[in-house]
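What follows is each chain in one-letter form.
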Amino acid sequence: MDEWKPNPRAKPFVPRRHRSWFIAWKYRLRGQRSVRRLCQTGALLFLLVTIIVNIKLILGTRRAANEEELEENYDDAMPNMETARRPSHGRKVLDIEVYSSRSKVYVAVDGTTVLEDEVKEQSRGIHVIVLNQASGHVMAKRVFDTYSPHEDEAMILFLNMVSRGRILLFTIKDEGSFHLKDSAKNLLKSLGSQIASSLSWRDMWTFVVKKAGQVYGEKHSKSPALATWGDPVLLKTEVQLTSTEDAECHWADTDANRRRKTFCSKVEGYGSICSCKDPAPIEFNPEPLKDNKVYDVPVAVIAGNRPNYLYRMLRSLLSAQGVNPEKIIVFIDGYYEEPMDVVELFGLKGVQHTPISIKNARVSQHYKASLTATFNLHPDAKFTVVLEEDLDISVDFFSFLSQTIHLLEEDESLYCISAWNDQGYEHTAEDIALLYRVESMPGLGWVLKKSLYKDELEPKWPTPEKLWDWDMWVRMPEQRKGRECIIPDVSRSYHFGIVGLNMNGYFHEAYFKKHKLNTVPNVQLKNIDSLKKDAYEKEIHKLLSEAKVLDHTKNPCEDSFIPDTEGKIYLMYIRMDQEADFTTWTQLAKCLHIWDLDVRGNHKGMWRLFRKKNHLLVVGTPSSPYSAKKPASIIPIYIEPPPKEDVELN
């Protein structure tokens, strides 16, 4: 101990005071309360956020909830709806409900749903239903996609064809005003609509009226903004029916008029066919065709559920010189009533069958079934004429075929005879007596040889699971095998249909509307025998030797490229490095406003068409054998395609 010395850096000693257990638990409880208060505050904030989110969801779904409520009310009410009442004066009253919304339309008549469409992204536009004013039964259902061009014109035509006194029901699904022009709005206004003139983007609308008579009701819901739709509308009204005597015509008792009476009591939208005072004819007596080589050839009309198209097509067909109604068979893909009613109106044969597959494959199987049935029903036939329900045919359609059909028997290098020229527009077709050989199969009114179908096409026809276009398949090199088709410069058929699986108003406007159709009867075709394989080559070389080479320093897309002459033969050479090089031709076709989606109408790398009433030959160099005629000083025209970015923007 004597040696111990204190450490000056050491901390002074302080005795430790021990807390009691009560004080320790007191501080611990205070800490837990703080945590509890913190949790409560967090829960309150979470609750507030949840309330705000729910309010937004409620506001955002309010419109959809209203629509569902209306639909549920309709579904609940349907079983309890009253049956049609008969007032004291004995005439029946119909209870009618018409519903319009973004995603669904329906129409109920006396508790029976006669229209209900809630398939997404389909049947957009104005739905029209026509009721018989005496019985109340549905005579016609149509939907016009008036968001697309020209559908309003189709609606105008249809409404003008409906007889006076019929009950008309209108309802919009999704959108029906974008291409509803003033002419259509004025027609609806003349029927009694107070809303039609002001219908705008994504408005909902229902309207019930008797044509040339009483307005039974109209409802409208305006869209509040471009990105939204009007609220659903449900129109409930009553329609008093007339007597049967007032709704029927009294035509002379003939076989044709009995067919007419049956037809007009069931369907509507066919205009003067059902006129009481001056009905349009349903029997035609065109001039007979002298030495008609196709009189006994069966005619297969391929049809679906487009009865108005079929009606127009059959009137055109039955009015053509040389037609034999006994040989016409209409094949309908499905058991639809109205198309068969149209067939029976004209006293023709109709065959219906069950659809197979979907989309393009369904059409393909319909063609196969129809062609097979045609040759089975006519076992002695060597050929069949194939038509479609959306074609007009020229008055000399059968004359054209009668003068050329022997070529199919005499020339094995031929694949078909077609009434359609893919490049035959109003500004590129001129000579009604001129014929070409082409390497494509145009279709749209053509003659098929039985041996070709039975021996080659039928055995390997695309099966139902292949979603192929039948015509694209028939055009493939594996089927065509180097053979060609005969076509006229001026078409003998016209494709008027704007509604179909592969057709719409925009497409028809761009590629079909301005096609030229011959209207001259009894056309004597020229140089028919020169269409045989070897003779045609001599004809082409003769044309090339007579043609004047155009100035290749000018722009072929400019009007001045072709001189202001008539009746001349001109020749131009375009760059075509190999058989499949169609770069320049495609760009040339675009600027000439002719078919440019794929390559058609050529023969050995050469195209023939008319410009300013002059015959123009376009030769692909060096691929075409005819490029050997090119003068050494001429540089083939090359048109570079636009950059991909420009194409996408266009």
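These figures come from a predicted structure and were not determined experimentally. (Residues numbered from 1 in each chain as written. Predicted model: local features only at pLDDT ≥ 70, side-chain atom pairs only at ≥ 80, totals over all residues. Heavy atoms only, no water.)

Engineer: Would you mind showing me how to read unusual backbone geometry here?
Structural biologist: Cis peptide bonds are those with omega within 30 degrees of zero, and the linkage from T621 to P622 qualifies with 5 degrees. Looking at the element boundaries, P622 is found in strand 24 (residues 614–622). Located in the positive-phi region is D174, a residue other than glycine, with phi close to 70 degrees. Along the polypeptide, D174 turns up in the loop between strand 6 (167–173) and helix 4 (182–191). The backbone of D291 sits at a positive phi, close to 55 degrees, despite the residue not being glycine. The residue D291 is located in the loop between helix 6 (255–266) and strand 10 (299–303) in this model. Judged by its relative accessible area of 57%, D291 falls in the exposed class. (Helix = DSSP H or I, 4+ residues; strand = E, 2+ residues; numbered from the N terminus. Buried < 20%, exposed > 50% of the residue type's maximum accessible area, 1.4 Å probe, protein only.)

Engineer: Sorry if this is basic, but what is going on with the sheet that holds strand 1 (residues 93–100) here?
Structural biologist: Either a parallel or an antiparallel arrangement is found when strands of a sheet pair, and the pairing is made through backbone hydrogen bonds. With antiparallel pairing, the 4 strands of this open sheet are ordered in space as 3-2-1-9. The open sheet has two edge strands, strand 3 (112–117) and strand 9 (233–240), and neither has a second partner. Put simply, the sheet's adjacent strands are angled 10 degrees from each other on average, direction ignored. Strand direction decides the pairing type here: strand 1 and strand 2 (residues 105–109), joined by 5 bridges, are antiparallel. From the neighbouring strand, Y99 faces strand 2, where its bridge partner is Y106. (Pairing = 2+ DSSP bridges. Axes fitted to C-alpha atoms, helices over the stretch in contact; angles between N-to-C directions.)

Engineer: Please clarify how the pairing of strand 2 should be interpreted in this entry.
Structural biologist: Looking along a regular strand, one sees the side chains alternate between the two faces of the sheet. Within strand 2, 5 of the 5 residues are buried, which leaves it mostly tucked inside the rest of the structure. Here strand 2 shows no split at all, with V105, V107 and V109 on one side and Y106 and A108 on the other all buried. Following strand 1, the chain reverses through 4 residues before pairing antiparallel with strand 2. Note that strand 2 and strand 3 share 5 bridges and pair antiparallel. Following the sheet pairing, V105 is matched in strand 3 by D117. With antiparallel pairing between neighbouring strands as the criterion, strand 2 and strand 3 make up a hairpin whose turn holds 2 residues, including D110 at a positive phi of roughly 50 degrees.

Engineer: I would appreciate a short explanation of the packing of aromatic side chains in the present structure.
Structural biologist: Each aromatic ring pair is characterised by the separation of its centres together with the angle its planes make. Within the structure shown, the criterion is met by 27 aromatic pairs. Here F507 and Y511 contribute two aromatic rings whose centre-to-centre distance is 5.3 Å and whose plane-to-plane angle is 50 degrees, an arrangement assigned as tilted. Of the two residues, F507 and Y511 both sit in helix 15 (residues 505–511), 4 residues apart, roughly one turn of that helix. For Y511, a relative accessible area of 14% puts it in the buried group. (Phe/Tyr/Trp six-rings, centres within 6.5 Å; stacked < 30°, edge-to-face > 60°.)

Engineer: Please clarify how the nonpolar core should be interpreted in this entry.
Structural biologist: Soluble globular proteins: nonpolar side chains tend toward being buried together. In terms of nonpolar packing, the biggest core is built from 118 residues, with I273, L317 and F398 touching the most fellow members. Counting residues per element, this core draws most heavily on strand 21 (residues 569–576), at 7 residues. Not counting residues up to four positions away in its chain, the partners in contact with F398 are L289, V294, V299, L317, A320, Q321, G322, V323 and I393. Ranked by size, the runner-up nonpolar core spans 24 residues in total, among them A140, F144, A196 and L199. (Core = buried A, V, L, I, M, F, W, Y, C linked by side-chain atoms within 4.5 Å. Contact = heavy atoms within 4.5 Å.)

Engineer: Which parts of the structure should I look at to understand the pattern of salt bridges?
Structural biologist: Side chains that carry opposite charge are capable of pairing whenever their charged atoms lie near each other. Throughout the structure, instances matching the rule amount to 38 salt bridges. For the salt bridge of K104 with E116, the shortest nitrogen-to-oxygen distance reads 3.1 Å. Separated by 12 residues along the polypeptide, K104 in the loop between strand 1 and strand 2 and E116 in strand 3 bring together distant segments of the chain. Two residues, K454 and E458, come together in a salt bridge whose shortest N-O distance is 3.4 Å. On the accessibility criterion, K454 (25% relative accessible area) is partly exposed. A single salt-bridge network, built from bridges that share partners, covers D152, E153 and K181. (Salt bridge = Lys/Arg side-chain N within 4 Å of Asp/Glu carboxyl O.)

Engineer: Is there a simple way to explain the sheet that holds strand 18 (residues 484–488) in this structure?
Structural biologist: Pairing is mixed across the open sheet formed by 8 strands, whose spatial order is 12-11-10-13-17-15-18-16. Of all strands in the sheet, those bounded by a partner on one side alone are strand 12 (349–353) and strand 16 (435–438). Each strand of the sheet is rotated relative to its neighbour by a mean of 25 degrees, with strand direction disregarded. Judged from the 2 bridges that link them, strand 15 (residues 414–418) and strand 17 (residues 446–449) form a sheet pairing that is antiparallel.

Engineer: What exactly am I supposed to notice about the environment of D110 here?
Structural biologist: Along the chain, the position of D110 falls in the loop between strand 2 and strand 3. Exposure remark for D110: the relative accessible area of 19% places this residue in the buried category. Taking C-alpha positions, D110 is 9.5 Å from E238, a pair spaced 128 residues apart along the chain.

Engineer: Would you mind showing me how to read the pairing of strand 24 here?
Structural biologist: Along strand 24, 8 of the 9 residues are buried, which leaves the element largely enclosed by surrounding structure. Pairing of strand 21 with strand 24 involves 8 bridges; the strand directions are parallel. For I574, the partnering residue across the bridge sits in strand 24 and is G620. As judged from the 6 bridges shared by strand 23 (residues 606–611) and strand 24, these two strands associate in the antiparallel manner. The residue of strand 24 that forms the bridge with F610 is H615.

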